[in-house]
Amino acid sequence: MKATVYVTIKQNVLDPQGSAVQGALHTMGFEEVGKVRIGKYLELELDTTDRAEAENNLKAMCEKLLANTVIEDYRFELEG
Amino acid sequence: MKFAVIVFPGSNCDIDCYKAVEETVGQPVDYVWHTATDLSAYDAILVPGGFSYGDYLRCGAIARFAPVMSEVVKAAAQGKYILGICNGFQILTEAGLLPGALRRNEGLKFRCHSTLLEVVNNGTAFTNQYAPGEIIDIPIAHGEGNYYCDEATLAELKANGQIVFRYKAGANPNGSIEDIAGISNKAGNVVGMMPHPERAISQILGSEDGKRMFTSILNAWREKNGAAVNG
């Protein structure tokens, strides 16, 4: 089974990298760009066929290691 | 009094911390590798700066699961003195020993220069040799020192006197909330700070204002243990 995990800075927490990229895009003339948020994209191969177990374990992985829930949100998708 | 300096793969201020203990308080000090599973011999534990595990994923995120960290958590619960400096601060927040998190500097730059700090709480085991509100000169060297916590946590930090150091007003180098440079846990025996006191122990290094953090720890330990000055 393949899992895709997305980690982003929480909406109410300043993302300095996102703000810098937004500024650069404006300088380039892409005036339509609003807020930019930078995050992480992780691909995990899971050696299991049990979807419920995979979801439970992924939640634990995200809470404990993959995201810092003080400042980050996460979501994941499972395939296969 | 016995000090431990924890060493992770990628730590790079471990030698500075070790030398600072030798130079400032002259107490026994050991390097302790991240795989160690017993810290019972130590009274104070220094978690040094650097780039543990290459700062992969997030600063401190992987180091926090090193075997030695469960011992650090145990030592914190026993009331031993734990000081996390720079990456050490990041590791202690990731480990949940200190509240909040360190974000990327507001200006995105790695800032490496001396900074003026205000000693906000001189009642801790780490700051008892400073005057209240004293301004001290301690260098920083970090790209991710922008302290963040939510409103409720901030109110708690203030109510409990857990804000130990602030950057001097108008000289916040990284955008951290309320100019916070260092905090303690509720019990006061765990402190994390972005500036490097171990780099400020001699005028040759530009400042010796960091020296008194180490003498504070020894002083607190002696008071607690009723120990006479024996070296």
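Residues numbered from 1 in each chain as written. Chains lettered and ligands numbered in written order. Predicted model: local features only at pLDDT ≥ 70, side-chain atom pairs only at ≥ 80, totals over all residues. Heavy atoms only, no water.

You'll find chain B entered in an unreviewed UniProt entry as Phosphoribosylformylglycinamidine synthase subunit PurQ, with Paenibacillus oenotherae given as the organism. UniProt's Pathway (unreviewed entry) comment on chain B is quoted here verbatim: "Purine metabolism; IMP biosynthesis via de novo pathway; 5-amino-1-(5-phospho-D-ribosyl)imidazole from N(2)-formyl-N(1)-(5-phospho-D-ribosyl)glycinamide: step 1/2." (UniProt positions renumbered as here; feature names shortened; annotations may be inferred.)

Named according to an unreviewed UniProt entry, chain A is Phosphoribosylformylglycinamidine synthase subunit PurS originating from Paenibacillus oenotherae. Note on chain A: under the UniProt heading Sequence similarities (unreviewed entry), the record states "Belongs to the PurS family." Of chain A, the UniProt comment under Subunit (unreviewed entry) reads exactly: "Part of the FGAM synthase complex composed of 1 PurL, 1 PurQ and 2 PurS subunits."

With that settled, the discussion passes to the sheet that holds strand β1 (residues 3-7) of chain B. All names here are of chain B. With mixed pairing, the nine strands of this open sheet are ordered in space as β2-β1-β3-β4-β11-β10-β9-β6-β7. Each having just a single partner strand, β2 (29-33) and β7 (135-142) make up the two edges of the open sheet. Strand-to-strand twist in this sheet, taken as the mean axis angle between neighbours without regard to direction, amounts to 25°. Looking at chain direction, β1 and strand β3 (residues 44-47) are connected through three bridges and run parallel. Paired with Phe 3 across the bridge in β3 is Ala 44. The strands touched by helix α1 (residues 14-24) are β1, β2, β3 and β4 (81-85); relative to β2, the strand with the most contacts, the crossing angle is about 160°. Sitting on the sheet, helix α3 (residues 87-94) is in contact with β3, β4, β10 (180-184) and β11 (190-193), with an inclination near 115° to β4. (Pairing = 2+ DSSP bridges. Helix = DSSP H or I, 4+ residues; strand = E, 2+ residues; numbered from the N terminus. Axes fitted to C-alpha atoms, helices over the stretch in contact; angles between N-to-C directions. Contact = heavy atoms within 4.5 Å.)

Our next topic: the sheet that holds strand β1 (residues 2-9) of chain A. All names here are of chain A. Spatially, β2-β1-β3 is the arrangement adopted by the three strands of the open sheet, whose pairing is antiparallel. Two strands close off the open sheet at either side, each with one partner strand: β2 (39-45) and β3 (72-79). For this sheet, the mean inter-axis angle between neighbouring strands, taken without regard to orientation, is 15°. Bridge count for β1 against β3 is eight bridges, and the pairing is antiparallel.

On the side of chain B, 16 residues touch chain A, which itself brings 16 residues to the contact. Summed over both sides, the interface of chain A with chain B buries roughly 1,300 Å², with 66% coming from carbon and sulfur. Summed over the shared surface of chain A and chain B, the result is one salt bridge. Note that Glu 72 of chain A is salt-bridged to Arg 58 of chain B, the shortest N-O span being 3.7 Å. Put simply, chain A and chain B have four residue pairs in polar contact (both at pLDDT 80 or more) between them. (Buried area = accessible area lost by both parts, 1.4 Å probe. Salt bridge = Lys/Arg side-chain N within 4 Å of Asp/Glu carboxyl O. Polar contact = N/O pair within 3.5 Å; in protein donor to acceptor, adjacent residues only side chain to side chain.)

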